[in-house]
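Here's the letter readout for the chains.
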Amino acid sequence: MTVQELPGDAAAYRPTPPPAWQPRTDPALLLPDAEPLRVLGTEAAASADPALLLRLYAELVRGRRYNVQATALTKQGRLAVYPSSTGQEACEVAAAMVLEERDWLFPSYRDTLAAVARGLDPVQALTLLRGDWHTGYDPREHRVAPLCTPLATQLPHAVGLAHAARLKGDDVVALAMVGDGGTSEGDFHEALNFAAVWQAPVVFLVQNNGFAISVPLAKQTAAPSLAHKAVGYGMPGRLVDGNDAAAVHQVLGEAVERARRGGGPTLVEAVTYRMDAHTNADDATRYRVDSEVETWRAHDPITLLERELTERGLLDDETRRSAAEAAETMAARLRERMNADPVLDPMDLFGHVYAERTSQLREQAEQLRAELDAAADAEGEAR
């Protein structure tokens, strides 16, 4: 039976659906542009703030060095795994820079650089990937939620926090990061729906880097773009060149301010590329060709920004050297600290699980404590 074939008398018959079906929002206002927004290399670049461009450049250089150093640490056995964001640094840096101190960042497992750019200690950002601790940092200190390994589960958390802040009257925005693979998860769709219905002050940044591990985007969705998915939930979709640091900063900045003014959520798709493998445990040559990588290498975010700064006379040898030296200093400190063996307390296994330990956890903790004490006594006697 269709909506028109209603039981009862003829007067109940409706030739068209009832008024409630009418769209609540004009979909034309929500649709993204046909092409990703670009700033660098266009006329719009002339009005870009030089100080902002130079700050973006310094952060991109530092971010690239951070990725290279973290990847090297996996080869040295100091990190269990590292999902590099090389090639995606413009998204990572811009996401951190557009937020105010009171705002929250909700990263995925690939977004350690965004957390570091927000002020998080680089070693603390890598502690989870080292296998030393549950998270490695206090989320409240820098307002960075725990790095999220399960795909897209951080998105509903971001919506919940943003909605709660709005109910309390706090001037807070949440920015949630996810990859193109995460858009195939149910949590992604649930988060967008709740955010739009509640008009929560949250920005969703999808870093479309081409692959969900080995699965290309074309095998995940038939949508014109991931940004087009926004219209189905009643929020604007924005499409931006994810390797254009100035453009990403502009689009995210506008979305954050819109959310802060009470305009509700925005879905931003940044079209970028994952230059390295999914992680150090992945062999990307099995599902993509070198020529594709080289094509994207010519669209490297650092190269694009360097070209713009050089053409405008804003980048000289001293500025380059200063940025490189700051990046090397960061890498050296990271390398030195990560090469030191951590001092771990096995009893930490029972911390931060429940506010009050269950009887089973208390029993297990007592058992472990007894075993540790016995081992310590045995070591003392052996001496």
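Going by the structure above, here's the rest.
Now for a look at the structure at hand. (Residues numbered from 1 in each chain as written. Predicted model: local features only at pLDDT ≥ 70, side-chain atom pairs only at ≥ 80, totals over all residues. Heavy atoms only, no water.)

**Some remarks on the layout of surface pockets**
Sizing a probe to match a water molecule and rolling it over the atoms shows the empty space that remains.
Here's step 1: When its volume is computed, the second largest pocket comes out at roughly 240 Å³.
Here's step 2: If you list the elements that add at least two residues to the lining of the second largest pocket, you get β2 (174-179) and β4 (211-212).
Here's step 3: Tallied by class, the residues present in the lining of the second largest pocket amount to six nonpolar, eight polar and four charged. (1 Å grid on protein atoms, 1.4 Å probe; cavity = no way out; pocket = protein on both sides within 12 Å on 5 of 7 lines; lining within 4 Å. Points joined across faces, edges and corners; volume = space filled by probe spheres on them. Helix = DSSP H or I, 4+ residues; strand = E, 2+ residues; numbered from the N terminus. Nonpolar A, V, L, I, M, F, W, Y, C, P; charged D, E, K, R; others polar.)

**Section: the packing of helix α1 (residues 50-75) against helix α2 (residues 89-97)**
Packed helices, taken two at a time, are described by the angle their axes make and the gap between the axes.
Here's step 1: Contact geometry for α1 and α2: axes closest at 9 Å, N-to-C directions at 120°. With respect to their mutual orientation, α1 and α2 come out oblique. Like other packed secondary-structure pairs, α1 and α2 cross with a definite hand, here right-handed. Each of Leu-52, Arg-55, Leu-56, Glu-59, Leu-60, Gly-63, Arg-64 and Asn-67 in α1 lies in contact with α2, whose residues at this interface are Glu-89, Ala-90, Val-93 and Met-97. (Axes fitted to C-alpha atoms, helices over the stretch in contact; angles between N-to-C directions. Parallel < 35°, antiparallel > 145°, perpendicular 65-115°, else oblique. Left-handed = near helix turned anticlockwise from the far one by under 90°. Contact = heavy atoms within 4.5 Å.)

**Quick notes on unusual backbone geometry**
Here's step 1: One non-glycine residue, Arg-143, lies in positive phi territory at about 55°.
Here's step 2: Of note, Arg-143 is situated in the loop between α5 (139-142) and α6 (154-168).

**Focus: the packing of aromatic side chains**
Here's step 1: Tallied over the full model, the rule gives six aromatic pairs.
Here's step 2: Measuring from centroid to centroid gives 4.8 Å for Phe-194 and Trp-198, while their planes differ by 35°, and the two rings are tilted. Of the two residues, Phe-194 and Trp-198 both sit in helix α7 (residues 186-198), four residues apart, roughly one turn of that helix.
Here's step 3: Owing to a relative accessible area of 45%, Phe-194 belongs among the partly exposed residues under this scheme.
Here's step 4: Ring plane angle 55° and centroid distance 5.3 Å describe the contact between Phe-211 and Tyr-287, whose orientation is recorded as tilted. Pair noted here: Phe-211 is in strand β4 and Tyr-287 is in the loop between β7 (266-271) and α9 (290-297), with a separation of 76 residues, a long-range link. Across the pair, exposure class does not vary: Phe-211 and Tyr-287 are buried alike.
Here's step 5: Among the aromatic residues, ring-to-ring pairing joins Phe-211, Tyr-273, Tyr-287 and Trp-296 into one connected group. (Phe/Tyr/Trp six-rings, centres within 6.5 Å; stacked < 30°, edge-to-face > 60°. Buried < 20%, exposed > 50% of the residue type's maximum accessible area, 1.4 Å probe, protein only.)

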